Amino acid sequence: MLSLFPAGIQADSLGPVLGFLWRDDLAMLVGTSLVWKAGERYGLLPPLRLYASARLAPEEKRKYAPRAVAHFAALSQALYDSLGGPQAQAARLAFAREEPNLRAALGFPGRRPRQGDQGSPHGRLRTYLAQLYLLADRPAEGLLAAEAGLESARRLRDRRGEANTLRGRGDLRLRGADLKGAGEDYDAALGVYRDIGARLGE
């Protein structure tokens, strides 16, 4: 399951994502040098992670990936909330550390939001990830993540999420002085909001 996390994962995050039966197996894998350990963070070396990812059974990914998305959605929101306060420096460092995991989670399996849902873990992750890139003043990298976010929203047929991601991409383009692209994204987002009757988007 560690193959889900390109940047590794903190020990206190493994329980909520994988359950608490991982401890003995993880200690054994660290002892055989199959898993790296840095402080309280664990992960797989890149070649081994790619191999393990290719061998990960689809049913296992369907089971654990949604938990990972929910975890990283909550984490992205916590980082966003911290960037404007006294913990801003620690939040910036945490974002730099977790960024590969946040972006990877955009492509994880999920379910289509049900009618009446006001959001989903994937949707929250897309929204807060765009805001994190804005606050970090990294619009070019944010645009790459927004492309992955749009693909995720459309794959899950998440129309509200698609609109929110278009709006977030518009914000990133505006930060990058692409006024024409920003306007196109805002107009596209507004069209989707109107299609689904979401007046909040207007």
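Basis of the calculations
- Residues numbered from 1 in each chain as written.
- Predicted model: local features only at pLDDT ≥ 70, side-chain atom pairs only at ≥ 80, totals over all residues.
- Heavy atoms only, no water.
- Helix = DSSP H or I, 4+ residues; strand = E, 2+ residues; numbered from the N terminus.
- Rg over C-alpha atoms; globule rule 2.2 N^0.38 Å.
- Buried < 20%, exposed > 50% of the residue type's maximum accessible area, 1.4 Å probe, protein only.
- Polar contact = N/O pair within 3.5 Å; in protein donor to acceptor, adjacent residues only side chain to side chain.
- Core = buried A, V, L, I, M, F, W, Y, C linked by side-chain atoms within 4.5 Å.
- Contact = heavy atoms within 4.5 Å.
- Pairing = 2+ DSSP bridges.
- Salt bridge = Lys/Arg side-chain N within 4 Å of Asp/Glu carboxyl O.

## Section: the overall build of the protein
Inference 1: The helix and strand tally for the protein stands at nine helices and three strands.
Inference 2: Moving toward the C terminus, one meets the helices and strands of the protein in the order β-α-α-β-β-α-α-α-α-α-α-α.
Inference 3: Rg of the C-alpha trace for the protein: 18 Å, near the compact-globule value of 17 Å for 202 residues, within the 12% margin.
Inference 4: Here the protein holds 202 residues, and the buried ones make up 42% of them.

## Details of the side chain of E98
Inference 1: Its place among the elements puts E98 in helix α5 (residues 88-105).
Inference 2: Taking the relative accessible area as the measure of exposure, E98 reaches 5% and is therefore buried.
Inference 3: Side-chain polar atoms of E98 contact the side chain of R41, separated by 3.0 Å.

## Remarks on the environment of G181
Inference 1: Its place among the elements puts G181 in helix α9 (residues 179-196).
Inference 2: Taking the C-alpha atoms as reference, G181 lies 34 Å from Q87; in sequence the two are 94 residues apart.

## So, the nonpolar core
Inference 1: Within the largest apolar cluster, 37 residues are counted, with the highest numbers of intra-cluster contacts made by L2 and F5.
Inference 2: Among the elements that make up this core, the one with the highest residue count is helix α4 (residues 58-82) (seven residues).
Inference 3: Once residues lying within four places of it in the same chain are set aside, the contact partners of F5 are V17, R49, A68, F72 and N101.
Inference 4: Formed by seven residues, the second largest nonpolar core is a distinct cluster that contains L150, V192, Y193 and A198.

## Notes on the environment of A91
Inference 1: Within the secondary structure, A91 sits in helix α5.
Inference 2: For the pair A91 and S76, spaced 15 residues apart in the sequence, the C-alpha separation amounts to 9.8 Å.
Inference 3: Setting aside its immediate chain neighbours within four residues, A91 contacts L79, S82 and L83.

## Some remarks on the sheet that holds strand β3 (residues 41-43)
Inference 1: Here three strands make up an open sheet; going across it, the order is β1-β3-β2 and the pairing antiparallel. Strands with a single pairing partner mark the edges of an open sheet, and in this sheet they are β1 (9-10) and β2 (36-38).
Inference 2: With three bridges joining them, β2 and β3 adopt antiparallel strand pairing. By the bridge assignment for β3, W36 is matched with G43.

## Some thoughts on the pattern of salt bridges
Inference 1: Counted according to the given criterion, the structure contains 15 salt bridges.
Inference 2: Between R154 and E162 there is a salt bridge, with its nearest N and O atoms 3.1 Å apart.
Inference 3: A salt bridge links E184 to K180; the shortest N-O distance between them is 2.6 Å. One end of the pair is E184 and the other is K180, both in helix α9 and four residues apart, which spans about a single turn.
Inference 4: Here the salt bridges share partners, and the residues they tie into one network are E147, R169, R173, D178 and D185.

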